[in-house]
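A structural walkthrough
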Amino acid sequence: MTEANDSVRFKSKLKLTFADQATEKDFQAKQTNLNTRLVRLTMFVTIVLCSLFYFALLPIQTINYQATYFTVYIIIVLHCILFYTFTYHRLYALHNLSYNALSTLVISAGILIAVYRMPTIAPMILHSTGLPIAAFFILFGISWAQALLLALFYFCAVIYTATIIPQSLIDLSLAIFNFFGFFVISSIAGYMLERQKRQVYLAERNTNQLIKSLESSQKQLLELSIKDGLTELFNRRHFDEIGVLKTNEAKRLKSTMHLLMIDVDFFKPYNDHYGHPAGDEVLVSIASTLLKTLRRSTDLIFRVGGEELAVILLGDDTENLNQISQSVHDAINALAIEHAKSPIKKQLSVSIGIASLKPLSNETFDDLYNKADKALYLAKQSGRNKTAIY
């Protein structure tokens, strides 16, 4: 991604907030699951560390802080358990960053109370100041800016609390050095991590958009390869392919398959008299009428020639075929398209030839097509505007 693109996509030079609010909202939504898992891990680790300190390290202290630390221990552990449970509630997902920041404050407050109430362990807390700082930037599931503010607040609070309790200059110096070392390294690592998350998000989004665009283009190309450009019916190429597939499917299911061949009566005279644009409009009208008339999901309609159409039907008996063909005739007649050059009637009509593939038949799709074509020829020979079944 170029710098020019970055400056457009992000609000500031820090590049930690997207300029577009919808993009920022989508990014935060996608990060919620990751942040939630991090927070749950952090709560679990906090419970383990506090328990380890309470049951393993505290007993070896020369001064008894059991009562004090028990209070601190209960506060932190109870908070971790409750907050871990809260992460499964739907309200948590709505404002997870704010809740995570609040949880961080509660845990930090528990540590500060421990420093204040147990002076002898203050040096140990001071020397490990950098560990919570690192956790702010990496484990608590909060933004880099929130982690930065919390880290500064935490350090100031720890140093202030430590100064209330007499501490040697060396301990304070080591604590400050420890803090700044962890602060610099953790803040840089946290910043780079958050920037990397946003760069990955943008890359994934661009990739997904490209995939969708390619899938859409592929779908359009597929439709162009199987659809007739004028009528938007399936074309002859698809007719030959799907016909074989449907024939095999009918044989496998032991079902009946029918093929209707439909031809516009005296279409050439119509074209010669009214012109090719009018002829194209007629074909479009007939195609639209067939799609409205034959509406079952298994009804497949094709344009297989200039004025020749085909329909593949599955599972209908002879009586239904007669009803279907009559409904096609009625629908075409209802269009009332004038045809001055028709010798049979002064409006457009169609002839239909029907052939069937019976269950357990050894006939191929080519055989079925030839029979339907012969039936169409019979319909034309008997006067047109009729249906013939082979």
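That block above? That's the structure.
Here we summarise the structure given alongside this text. These figures come from a predicted structure and were not determined experimentally.

What follows covers the overall build of the chain. For the chain, the count of helices and strands is 14 helices and five strands. The buried share of the chain, taken over its 390 residues, is 44%. Sequence-distant contacts in the chain: of pairs separated by 6 or more residues, those separated by 24 or more amount to 70%.

Let's shift gears to the sheet that holds strand S5 (residues 387–389). Overall, mixed pairing links the five strands, which are arranged S2-S3-S1-S4-S5 in an open sheet. Edge positions in the sheet fall to strand S2 (300–303) and S5, since each has one partner strand and no second. In this sheet, neighbouring strand axes are inclined to one another by 20 degrees on average, regardless of whether the strands run parallel or antiparallel. Alignment of strand S1 (residues 257–264) against strand S4 (residues 350–357), held across eight bridges, turns out to be antiparallel. Looking across to S4, one finds that Val-264 is bridged to Val-350. The sheet strands contacting helix H14 (residues 365–381) are S1, strand S3 (308–314), S4 and S5, and the helix crosses S4 at an angle near 145 degrees.

Glancing now at helix H12 (residues 276–293). The end-to-end C-alpha distance of H12 is 26 Å, a good match for the 26 Å that 18 residues give at a rise of 1.5 Å each. Of the residues making up H12, those classed as buried are Ala-278, Gly-279, Val-282, Leu-283, Ile-286, Ala-287, Thr-289 and Leu-290.

On to the pattern of salt bridges, then. Counting across every chain of the model gives ten salt bridges. In this structure, Glu-249 and Lys-246 form a salt bridge, with 3.5 Å as the shortest nitrogen-oxygen distance. Taken together, the positions of Glu-249 and Lys-246, both in helix H10 (residues 236–253) and three residues apart, correspond to about one turn of that helix. In this structure, Asp-272 and Lys-268 form a salt bridge, with 3.1 Å as the shortest nitrogen-oxygen distance. With Asp-272 and Lys-268 both in helix H11 (residues 267–274) and four residues apart, the pair spans about one turn of that helix.

Going through the model one piece at a time under the given rule, you end up with 17 aromatic pairs. Ring centres 5.5 Å apart and planes at 65 degrees place the aromatic pair Trp-144 and Tyr-191 in the edge-to-face group. Separated by 47 residues along the polypeptide, Trp-144 in helix H8 (residues 144–164) and Tyr-191 in helix H9 (residues 169–226) bring together distant segments of the chain. Take Trp-144 and Tyr-191: they sit in the same class, and that class is buried. Ring plane angle 65 degrees and centroid distance 5.2 Å describe the contact between Phe-239 and Phe-365, whose orientation is recorded as edge-to-face. Taken together, the residues span a long stretch of sequence, with Phe-239 in helix H10 and Phe-365 in helix H14 at a distance of 126 residues. Among the residues examined, Phe-239 registers a relative accessible area of 0% and is labelled buried. Residue class for Phe-365 comes out buried when judged on its relative accessible area of 5%. One aromatic cluster is present, built from ring pairs that chain together Phe-234, Phe-239, Phe-302, Phe-365 and Tyr-369. One residue, Arg-198, lies across the ring of Phe-18, its end atom 5.1 Å from the ring centre.

The rules behind these values
- Residues numbered from 1 in each chain as written.
- Predicted model: local features only at pLDDT ≥ 70, side-chain atom pairs only at ≥ 80, totals over all residues.
- Heavy atoms only, no water.
- Helix = DSSP H or I, 4+ residues; strand = E, 2+ residues; numbered from the N terminus.
- Buried < 20%, exposed > 50% of the residue type's maximum accessible area, 1.4 Å probe, protein only.
- Contact = heavy atoms within 4.5 Å.
- Pairing = 2+ DSSP bridges.
- Axes fitted to C-alpha atoms, helices over the stretch in contact; angles between N-to-C directions.
- Expected span 1.5 Å × (residues − 1).
- Salt bridge = Lys/Arg side-chain N within 4 Å of Asp/Glu carboxyl O.
- Phe/Tyr/Trp six-rings, centres within 6.5 Å; stacked < 30°, edge-to-face > 60°.
- Lys NZ or Arg CZ within 6 Å of the ring centre and 35° of its normal.

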